[in-house]
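Report on the structure
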Amino acid sequence: MVGASLLWVGWFGFNAGSALEANGSAALAFVTTLVATAAATLSWIAGEALSKGKASMLGAASGAVAGLVAITPAAGFVMPGPALAIGLVAGAVCFWACTSLKHMMGYDDSLDAFGVHAVGGYVGAILTGVFAVGALSATPASPDGTSGLIFGNPGQVLIQLYGVGATIIYTAIVSAILLKIVDLTIGLRVSDEAERDGLDLALHGEAVQ
(Lines give C-alpha, C1' and ligand atoms only; values in the text may rest on other atoms or scores of the structure.)
Protein backbone atom coordinates (compact mmCIF):
# COMPACT_ATOMS: atom_id res chain seq x y z
CA MET A 1 0.00 0.00 0.00
CA VAL A 2 2.88 2.36 0.74
CA GLY A 3 4.38 1.59 -2.67
CA ALA A 4 1.07 2.11 -4.45
CA SER A 5 0.54 5.37 -2.57
CA LEU A 6 3.98 6.61 -3.62
CA LEU A 7 3.16 5.69 -7.21
CA TRP A 8 -0.12 7.60 -7.00
CA VAL A 9 1.59 10.75 -5.70
CA GLY A 10 4.50 10.45 -8.12
CA TRP A 11 2.15 9.99 -11.07
CA PHE A 12 0.95 13.58 -10.67
CA GLY A 13 4.43 14.72 -11.66
CA PHE A 14 4.39 12.24 -14.52
CA ASN A 15 1.07 13.35 -16.04
CA ALA A 16 0.78 16.98 -15.00
CA GLY A 17 4.51 17.50 -15.47
CA SER A 18 4.20 16.48 -19.12
CA ALA A 19 2.74 19.94 -19.80
CA LEU A 20 6.23 21.30 -19.00
CA GLU A 21 4.75 24.38 -17.35
CA ALA A 22 2.17 25.36 -14.71
CA ASN A 23 -0.81 25.96 -17.01
CA GLY A 24 -4.38 24.81 -17.56
CA SER A 25 -3.32 21.56 -19.22
CA ALA A 26 -1.17 20.67 -16.21
CA ALA A 27 -4.02 21.43 -13.80
CA LEU A 28 -6.44 19.39 -15.90
CA ALA A 29 -4.03 16.45 -16.03
CA PHE A 30 -3.58 16.63 -12.25
CA VAL A 31 -7.34 16.54 -11.61
CA THR A 32 -8.14 13.81 -14.14
CA THR A 33 -5.33 11.66 -12.77
CA LEU A 34 -6.75 11.91 -9.26
CA VAL A 35 -10.35 11.25 -10.34
CA ALA A 36 -9.59 8.30 -12.63
CA THR A 37 -7.31 6.60 -10.11
CA ALA A 38 -9.83 6.87 -7.30
CA ALA A 39 -12.59 5.56 -9.56
CA ALA A 40 -10.50 2.61 -10.72
CA THR A 41 -9.66 1.72 -7.13
CA LEU A 42 -13.35 1.64 -6.21
CA SER A 43 -14.26 -0.23 -9.39
CA TRP A 44 -11.64 -2.95 -8.79
CA ILE A 45 -12.57 -3.57 -5.15
CA ALA A 46 -16.27 -3.57 -6.06
CA GLY A 47 -15.62 -6.31 -8.61
CA GLU A 48 -13.52 -8.17 -6.07
CA ALA A 49 -16.26 -7.95 -3.45
CA LEU A 50 -18.92 -9.13 -5.89
CA SER A 51 -16.90 -12.07 -7.20
CA LYS A 52 -14.99 -13.15 -4.10
CA GLY A 53 -17.19 -11.92 -1.28
CA LYS A 54 -14.76 -9.31 0.04
CA ALA A 55 -12.36 -6.66 -1.18
CA SER A 56 -8.65 -6.61 -0.38
CA MET A 57 -5.89 -4.05 0.10
CA LEU A 58 -3.94 -5.71 -2.71
CA GLY A 59 -6.98 -5.26 -4.93
CA ALA A 60 -7.22 -1.58 -4.00
CA ALA A 61 -3.54 -1.07 -4.82
CA SER A 62 -3.89 -2.93 -8.12
CA GLY A 63 -6.97 -0.90 -9.02
CA ALA A 64 -5.13 2.34 -8.31
CA VAL A 65 -2.27 1.36 -10.60
CA ALA A 66 -4.74 0.33 -13.30
CA GLY A 67 -6.38 3.74 -13.06
CA LEU A 68 -3.04 5.53 -13.24
CA VAL A 69 -2.06 3.59 -16.34
CA ALA A 70 -5.41 4.08 -18.06
CA ILE A 71 -5.66 7.83 -17.53
CA THR A 72 -2.10 8.55 -18.67
CA PRO A 73 -2.83 8.79 -22.43
CA ALA A 74 -5.97 10.83 -21.73
CA ALA A 75 -4.94 13.01 -18.78
CA GLY A 76 -4.52 16.30 -20.62
CA PHE A 77 -7.24 15.70 -23.20
CA VAL A 78 -10.39 14.74 -21.26
CA MET A 79 -12.51 16.49 -18.67
CA PRO A 80 -13.01 15.17 -15.09
CA GLY A 81 -16.36 13.50 -15.85
CA PRO A 82 -14.96 11.31 -18.63
CA ALA A 83 -11.89 10.67 -16.46
CA LEU A 84 -14.25 9.18 -13.88
CA ALA A 85 -15.71 6.91 -16.57
CA ILE A 86 -12.25 5.86 -17.77
CA GLY A 87 -11.27 4.93 -14.22
CA LEU A 88 -14.43 2.91 -13.60
CA VAL A 89 -14.02 0.99 -16.86
CA ALA A 90 -10.29 0.43 -16.36
CA GLY A 91 -10.71 -0.92 -12.83
CA ALA A 92 -13.37 -3.40 -13.90
CA VAL A 93 -11.66 -4.51 -17.11
CA CYS A 94 -8.23 -4.89 -15.51
CA PHE A 95 -9.72 -6.89 -12.64
CA TRP A 96 -11.31 -9.21 -15.21
CA ALA A 97 -8.01 -9.45 -17.12
CA CYS A 98 -6.04 -10.34 -13.99
CA THR A 99 -8.48 -13.03 -12.94
CA SER A 100 -10.58 -14.49 -15.73
CA LEU A 101 -8.52 -13.62 -18.83
CA LYS A 102 -5.26 -14.85 -17.31
CA HIS A 103 -6.79 -18.23 -16.54
CA MET A 104 -8.52 -18.43 -19.92
CA MET A 105 -5.27 -17.79 -21.82
CA GLY A 106 -3.06 -19.71 -19.39
CA TYR A 107 -0.15 -17.26 -19.36
CA ASP A 108 2.21 -16.92 -16.41
CA ASP A 109 2.21 -13.39 -15.02
CA SER A 110 2.78 -13.40 -11.27
CA LEU A 111 2.81 -9.59 -11.04
CA ASP A 112 -0.14 -9.10 -13.43
CA ALA A 113 1.91 -6.69 -15.53
CA PHE A 114 -0.10 -7.57 -18.64
CA GLY A 115 -3.48 -7.42 -16.95
CA VAL A 116 -2.84 -4.05 -15.31
CA HIS A 117 -0.37 -2.22 -17.52
CA ALA A 118 -1.06 -3.57 -21.01
CA VAL A 119 -4.83 -3.91 -20.68
CA GLY A 120 -5.10 -0.68 -18.68
CA GLY A 121 -3.08 1.14 -21.31
CA TYR A 122 -5.24 -0.22 -24.12
CA VAL A 123 -8.42 0.84 -22.31
CA GLY A 124 -7.09 4.35 -21.70
CA ALA A 125 -5.78 4.78 -25.23
CA ILE A 126 -9.06 3.71 -26.84
CA LEU A 127 -11.24 5.76 -24.50
CA THR A 128 -9.09 8.81 -25.20
CA GLY A 129 -10.52 8.63 -28.71
CA VAL A 130 -14.01 8.59 -27.22
CA PHE A 131 -13.73 11.43 -24.70
CA ALA A 132 -10.97 13.74 -26.03
CA VAL A 133 -11.95 17.42 -26.08
CA GLY A 134 -9.08 18.80 -28.13
CA ALA A 135 -5.45 18.01 -28.82
CA LEU A 136 -2.99 20.11 -26.79
CA SER A 137 -5.88 21.94 -25.15
CA ALA A 138 -7.58 21.87 -21.79
CA THR A 139 -10.93 23.13 -23.06
CA PRO A 140 -13.60 21.78 -25.44
CA ALA A 141 -13.64 25.14 -27.22
CA SER A 142 -10.24 24.65 -28.82
CA PRO A 143 -10.67 25.82 -32.44
CA ASP A 144 -7.87 23.65 -33.81
CA GLY A 145 -8.04 20.72 -31.40
CA THR A 146 -8.87 17.12 -32.29
CA SER A 147 -11.94 15.98 -30.39
CA GLY A 148 -13.16 12.46 -29.79
CA LEU A 149 -16.27 10.45 -30.53
CA ILE A 150 -18.70 12.16 -28.16
CA PHE A 151 -17.66 15.56 -29.51
CA GLY A 152 -18.39 14.58 -33.10
CA ASN A 153 -15.18 12.95 -34.31
CA PRO A 154 -15.59 9.14 -34.42
CA GLY A 155 -12.49 8.88 -36.59
CA GLN A 156 -10.34 9.54 -33.54
CA VAL A 157 -11.38 6.17 -32.11
CA LEU A 158 -10.06 4.46 -35.24
CA ILE A 159 -6.78 6.33 -34.92
CA GLN A 160 -6.47 5.18 -31.31
CA LEU A 161 -7.29 1.60 -32.35
CA TYR A 162 -4.58 1.74 -35.01
CA GLY A 163 -2.13 2.90 -32.35
CA VAL A 164 -3.13 0.11 -29.98
CA GLY A 165 -2.87 -2.47 -32.78
CA ALA A 166 0.57 -1.26 -33.81
CA THR A 167 1.71 -1.42 -30.18
CA ILE A 168 0.47 -4.99 -29.81
CA ILE A 169 2.23 -6.13 -33.00
CA TYR A 170 5.49 -4.36 -32.15
CA THR A 171 5.66 -5.58 -28.56
CA ALA A 172 4.72 -9.14 -29.55
CA ILE A 173 7.51 -9.36 -32.13
CA VAL A 174 10.19 -7.68 -30.01
CA SER A 175 9.20 -9.61 -26.88
CA ALA A 176 9.33 -12.93 -28.77
CA ILE A 177 12.85 -12.13 -29.97
CA LEU A 178 14.06 -11.07 -26.52
CA LEU A 179 12.45 -14.05 -24.80
CA LYS A 180 14.07 -16.43 -27.28
CA ILE A 181 17.48 -14.88 -26.61
CA VAL A 182 16.97 -15.24 -22.86
CA ASP A 183 15.76 -18.82 -23.30
CA LEU A 184 18.86 -19.74 -25.33
CA THR A 185 21.25 -18.16 -22.82
CA ILE A 186 20.13 -18.37 -19.19
CA GLY A 187 16.69 -19.95 -19.65
CA LEU A 188 13.25 -18.55 -19.07
CA ARG A 189 12.27 -20.61 -16.04
CA VAL A 190 13.93 -21.96 -12.96
CA SER A 191 13.58 -25.57 -11.90
CA ASP A 192 10.53 -26.78 -9.98
CA GLU A 193 12.74 -27.29 -6.92
CA ALA A 194 14.06 -23.72 -7.07
CA GLU A 195 10.52 -22.43 -7.47
CA ARG A 196 9.42 -24.39 -4.40
CA ASP A 197 12.34 -23.13 -2.32
CA GLY A 198 11.80 -19.56 -3.48
CA LEU A 199 13.96 -17.53 -5.83
CA ASP A 200 15.46 -15.42 -3.04
CA LEU A 201 17.07 -18.51 -1.57
CA ALA A 202 17.72 -20.54 -4.73
CA LEU A 203 19.17 -17.78 -6.90
CA HIS A 204 20.43 -15.15 -4.49
CA GLY A 205 21.23 -17.07 -1.32
CA GLU A 206 19.06 -14.66 0.65
CA ALA A 207 16.86 -15.85 3.50
CA VAL A 208 15.07 -14.27 6.45
CA GLN A 209 16.99 -15.24 9.59
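Before reading further, recall that the structure is shown in the block above.
Residues numbered from 1 in each chain as written. Predicted model: local features only at pLDDT ≥ 70, side-chain atom pairs only at ≥ 80, totals over all residues. Heavy atoms only, no water.

Considerations on the overall build of the chain
In terms of helices and strands, the chain carries eight helices and zero strands. Helices and strands in the chain line up, N terminus first, as α-α-α-α-α-α-α-α. Seen along its three principal axes, the alpha-carbon backbone of the chain occupies a region of about 65 × 40 × 35 Å. Across the 209 residues in the chain, those meeting the buried criterion constitute 37%. Restricting the contact set of the chain to residue pairs at least 6 apart, pairs at least 24 apart contribute 59%. About 11900 Å² of surface is accessible on the chain, with carbon and sulfur atoms providing 70% of the total. Across the chain, the centroid of the 6 positively charged side chains sits 9 Å from that of the 13 negatively charged ones. (Helix = DSSP H or I, 4+ residues; strand = E, 2+ residues; numbered from the N terminus. Buried < 20%, exposed > 50% of the residue type's maximum accessible area, 1.4 Å probe, protein only. Contact = heavy atoms within 4.5 Å. Areas by Shrake-Rupley, 256 points an atom, 1.4 Å probe, with all protein chains shown as cover. Lys, Arg positive; Asp, Glu negative; His and termini not counted. Charge placed at Lys NZ, Arg CZ, Asp CG, Glu CD.)

So, the environment of Thr-185
Assignment of secondary structure puts Thr-185 in helix 6 (residues 155-185). At 2.9 Å, the side chain of Thr-185 forms a polar contact with the backbone oxygen of Ile-181. (Polar contact = N/O pair within 3.5 Å; in protein donor to acceptor, adjacent residues only side chain to side chain.)

Re the packing of helix 3 (residues 57-71) against helix 4 (residues 80-105)
Here helix 3 crosses helix 4 at 125°, and the two axes come no closer than 9 Å. With respect to each other, helix 3 and helix 4 are oriented oblique. Judged by the twist between their axes, the crossing of helix 3 over helix 4 is right-handed. Contacts between helix 3 and helix 4 pair Ala-66, Ala-70 and Ile-71 from the former with Ala-83, Ile-86, Ala-90 and Cys-94 from the latter. (Axes fitted to C-alpha atoms, helices over the stretch in contact; angles between N-to-C directions. Parallel < 35°, antiparallel > 145°, perpendicular 65-115°, else oblique. Left-handed = near helix turned anticlockwise from the far one by under 90°.)

Section: the pattern of salt bridges
Per the counting criterion, the structure on display carries three salt bridges. Across the pair Lys-102 and Asp-112 runs a salt bridge whose closest N-O atoms are separated by 2.8 Å. Residue Lys-102 is located in helix 4, and its partner Asp-112 is located in the loop between helix 4 and helix 5 (113-131); the two are separated by 10 residues in the primary sequence. For the pair formed by Lys-102 and Asp-112, the shared burial category is buried. Measuring nitrogen to oxygen at the nearest pair gives 2.8 Å for the salt bridge that ties Asp-108 to Arg-189. Linking Asp-108 in the loop between helix 4 and helix 5 with Arg-189 in the loop between helix 6 and helix 7 (192-197), this pair joins segments that are 81 residues apart in sequence. Of the two residues, Asp-108 and Arg-189, both sit in the exposed class. Three or more residues joined by partner-sharing salt bridges are found here, namely Asp-108, Arg-189 and Glu-195. (Salt bridge = Lys/Arg side-chain N within 4 Å of Asp/Glu carboxyl O.)

Regarding the packing of helix 2 (residues 24-52) against helix 3
As a packed pair, helix 2 and helix 3 sit with axes 7 Å apart at the nearest point and diverge in direction by 140°. Taken together, the axis directions place helix 2 and helix 3 in an arrangement best described as oblique. Seen along the crossing, helix 2 lies across helix 3 with a hand that is right-handed. Residues Thr-32, Thr-33, Ala-36, Thr-37, Ala-40, Thr-41, Trp-44, Ile-45 and Glu-48 of helix 2 lie in contact with helix 3, whose contacting residues are Gly-59, Ala-60, Ser-62, Gly-63, Ala-64, Ala-66, Gly-67, Leu-68 and Ile-71. Tallied by class, the residues present in the contact of helix 2 with helix 3 amount to nine nonpolar, eight polar and one charged. (Nonpolar A, V, L, I, M, F, W, Y, C, P; charged D, E, K, R; others polar.)

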